[in-house]
There are 2 protein chains.
Amino acid sequence: VDAREDASPEVPWPAGRLGQQLRFLVEVDRLKGVQRMTRLADGSRLENAAEHSWHLTLIALFLAEHAACPVDLGRVWGMLAVHDLVEIDAGDTFLYDQKGRGTKGAREQAAADRIFGLLPADQAASLHELWSEFDAGQTAEARFANGVDRLAPVLLNFLNRCEIHRQHGIPAARVLAENSIIGEAVPALKDFVKELMAAAVERGWLEND
Amino acid sequence: VDAREDASPEVPWPAGRLGQQLRFLVEVDRLKGVQRMTRLADGSRLENAAEHSWHLTLIALFLAEHAACPVDLGRVWGMLAVHDLVEIDAGDTFLYDQKGRGTKGAREQAAADRIFGLLPADQAASLHELWSEFDAGQTAEARFANGVDRLAPVLLNFLNRCEIHRQHGIPAARVLAENSIIGEAVPALKDFVKELMAAAVERGWLEND
């Protein structure tokens, strides 16, 4: 048994289904310790994947009216709540890390098998379905959720004078190219993201390309 | 103008409704900096109100089947996503802090007026409605959401050997009394919470009463 699967042996867990669910819900607490490559808006520290996931649910709630297609917000929220769970094992893969992105699929699939497998089989299957829908990005809800997931770091990085992008030598044109899904998911944001990048170049924070 | 309402004057915000929404969504990033009186499951640090809100959405997703009454999960998620926003101004009020609880209503109402007021009026009204529904705890969804909100810290505190309760001299009987809503919202958890507290007393972590 992997020690991580039962980090709290002293808990008088209920038997059966409820016990499985509660152990899973304690296991996923570890997402609060997964660091992302984005600083908080106030620059005080890097954000973690759990608080990021919460932020996305709020962004989705208040920007859903601008989605390219009407979306079922409940489905969007489900995807956003679970989309980063695999990072508990696989870690956060920086969008601009080509090497990391090459192995991301396999690492995250292994993580999904272990983490989702802690749940009762029917809930594990539902969770896998939500995560796969997000990952495939084909449905209206998944496209919107992916757009929201990209908007948050672009905005937070700008508020930090694009420090993370600059440190990694990522030019404005690449930020735009890698995040084109924002404007596809939420057309009203297309010009905004372009203007953010133009401002970043004008202020000398980023190269153009 | 309160400096906190425009902490990022350099952003080329879009005009109108979208600009208001984006400013609000940056403002609420501050919830990631609001500390709670609960340590993470691994004990490494205190959790913040944003990652806590995320954790609750997952708990709700996987325990909804045990709710005392059938619940509309979308409504529950909406409440959980926004229930702590007022803490950006009002701070987290410890459940066992009688004095703080006496002033909580007024402090949180003022916070709601300022923070929700950053949104377009129709969205501010929807948000106020969701938050008030949670706070009143009368609907099936609000009762379930409140139960979930109480379960998380009871479980996380137990995993930390009830350190926070012990430091504040809170006996097991008081934890049970203040959290009776957990068993009312999710009957299957009633015995579990009792057993947690019995174990905490047996192990010498908490006094009985």
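Look up a bit, the structure's there.
Now for a description of the structure that goes with this document.

Conventions we followed
Residues numbered from 1 in each chain as written. Chains lettered and ligands numbered in written order. Predicted model: local features only at pLDDT ≥ 70, side-chain atom pairs only at ≥ 80, totals over all residues. Heavy atoms only, no water. Helix = DSSP H or I, 4+ residues; strand = E, 2+ residues; numbered from the N terminus. Buried < 20%, exposed > 50% of the residue type's maximum accessible area, 1.4 Å probe, protein only. Contact = heavy atoms within 4.5 Å. Buried area = accessible area lost by both parts, 1.4 Å probe. Salt bridge = Lys/Arg side-chain N within 4 Å of Asp/Glu carboxyl O. Nonpolar A, V, L, I, M, F, W, Y, C, P; charged D, E, K, R; others polar. Pairing = 2+ DSSP bridges. Least-squares fit on C-alpha atoms with pLDDT ≥ 70 in both. Phe/Tyr/Trp six-rings, centres within 6.5 Å; stacked < 30°, edge-to-face > 60°. Lys, Arg positive; Asp, Glu negative; His and termini not counted.

Let us now look at the overall build of chain A. The helix and strand tally for chain A stands at eleven helices and two strands. Secondary structure elements of chain A occur, N-terminal to C-terminal, as α-β-β-α-α-α-α-α-α-α-α-α-α. For chain A, the spread of C-alpha atoms along the principal axes amounts to about 60 × 35 × 30 Å. A buried classification covers 56% of the 209 residues belonging to chain A.

Each side of the interface is counted separately: chain B has 57 residues, and chain A has 57 residues. Regarding the contact of chain B and chain A, the summed buried area is about 4800 Å², with carbon and sulfur atoms giving 71% of it. By the criterion of area lost to chain A, the three top residues of chain B are Lys32, Trp54 and Phe62 of chain B, representing 16% of everything that side buries. Where chain B packs against chain A, one counts six salt bridges. Linking Glu47 of chain B and Lys32 of chain A is a salt bridge whose minimum nitrogen-to-oxygen distance equals 2.8 Å. Of all elements in the fold, only helix H1 (16-27), strand S2 (46-48), helix H2 (49-63), helix H3 (73-82), helix H6 (121-136), helix H7 (140-159) and helix H11 (190-202) of chain B reach the threshold of two or more residues within the side of chain B that touches chain A. The element that contributes the greatest number of residues to the side of chain B that touches chain A is H2 of chain B, accounting for eleven residues. Counted by class, the side of chain B that touches chain A contains 36 nonpolar, ten polar and eleven charged residues.

In the case of a regular strand, side chains alternate between the two sheet surfaces. Residue and element names in this part refer to chain A. Residues Arg36 and Thr38 line the buried face of strand S1 (residues 35-39), whereas the alternating positions Gln35, Met37 and Arg39 sit on a face that is not buried. Two strands pair when backbone bridges link them, and S1 and strand S2 (residues 46-48) are joined in this way by two bridges, in the antiparallel orientation. When the bridges of S2 are listed, Gln35 appears paired with Asn48. Between S1 and S2, which pair antiparallel and follow one another directly, the connecting turn spans six residues, one of which, Gly43, has a positive phi of 75°.

With that settled, consider the relation of the copies chain B and chain A. For the match of chain B to chain A, the screw axis carries a shift of 0.0 Å, the RMSD comes to 0.0 Å, and the turn is 180°. Such values leave the two copies arranged in the relation of a two-fold axis. Every residue of chain B has its C-alpha some distance from the rotation axis, and the shortest such distance is that of Glu51 of chain B, at 2.0 Å. An overlap of 100% is found between the interface residues of chain B and their copies at the interface of chain A, pointing to a shared contact surface.

Residues and elements named next belong to chain A. On inspection of all chains with the given rule, the structure shows 32 salt bridges over all chains. The shortest N-O distance in the salt bridge between Lys32 and Asp29 comes to 2.5 Å. Two residues, Asp92 and Arg36, come together in a salt bridge whose shortest N-O distance is 3.9 Å. Separated by 56 residues along the polypeptide, Asp92 in the loop between helix H4 (87-90) and helix H5 (98-116) and Arg36 in strand S1 bring together distant segments of the chain. Since its relative accessible area comes to 25%, Asp92 is described here as partly exposed.

Let us now look at the packing of aromatic side chains. Centre-to-centre distance and the angle between the planes together describe a pair of aromatic rings. All names here are of chain B. Applying the stated criterion across every chain, the model contains ten aromatic pairs over all chains. Aromatic side chains Phe116 and Trp131 sit 5.8 Å apart centroid to centroid with 80° between the ring planes, which places their arrangement in the edge-to-face category. Within this pair, whereas Phe116 is found in helix H5 (residues 98-116), its partner Trp131 is found in helix H6, the two being separated by 15 residues in sequence. A relative accessible area of 2% means that Phe116 is categorised as buried. Trp131 gets classed as buried once you look at its relative accessible area, which sits at 4%.

On to the side chain of Asp149 of chain A. All names here are of chain A. Structurally, Asp149 can be placed in helix H7 (residues 140-159). Despite its burial, Asp149 pairs with no opposite charge; the closest candidate is Arg36, at 4.9 Å N-O. Not counting the four nearest positions on each side in its chain, Asp149 is found in contact with His52, Leu56, His83 and Phe134.

Any functional reading would require information beyond the geometric quantities listed.
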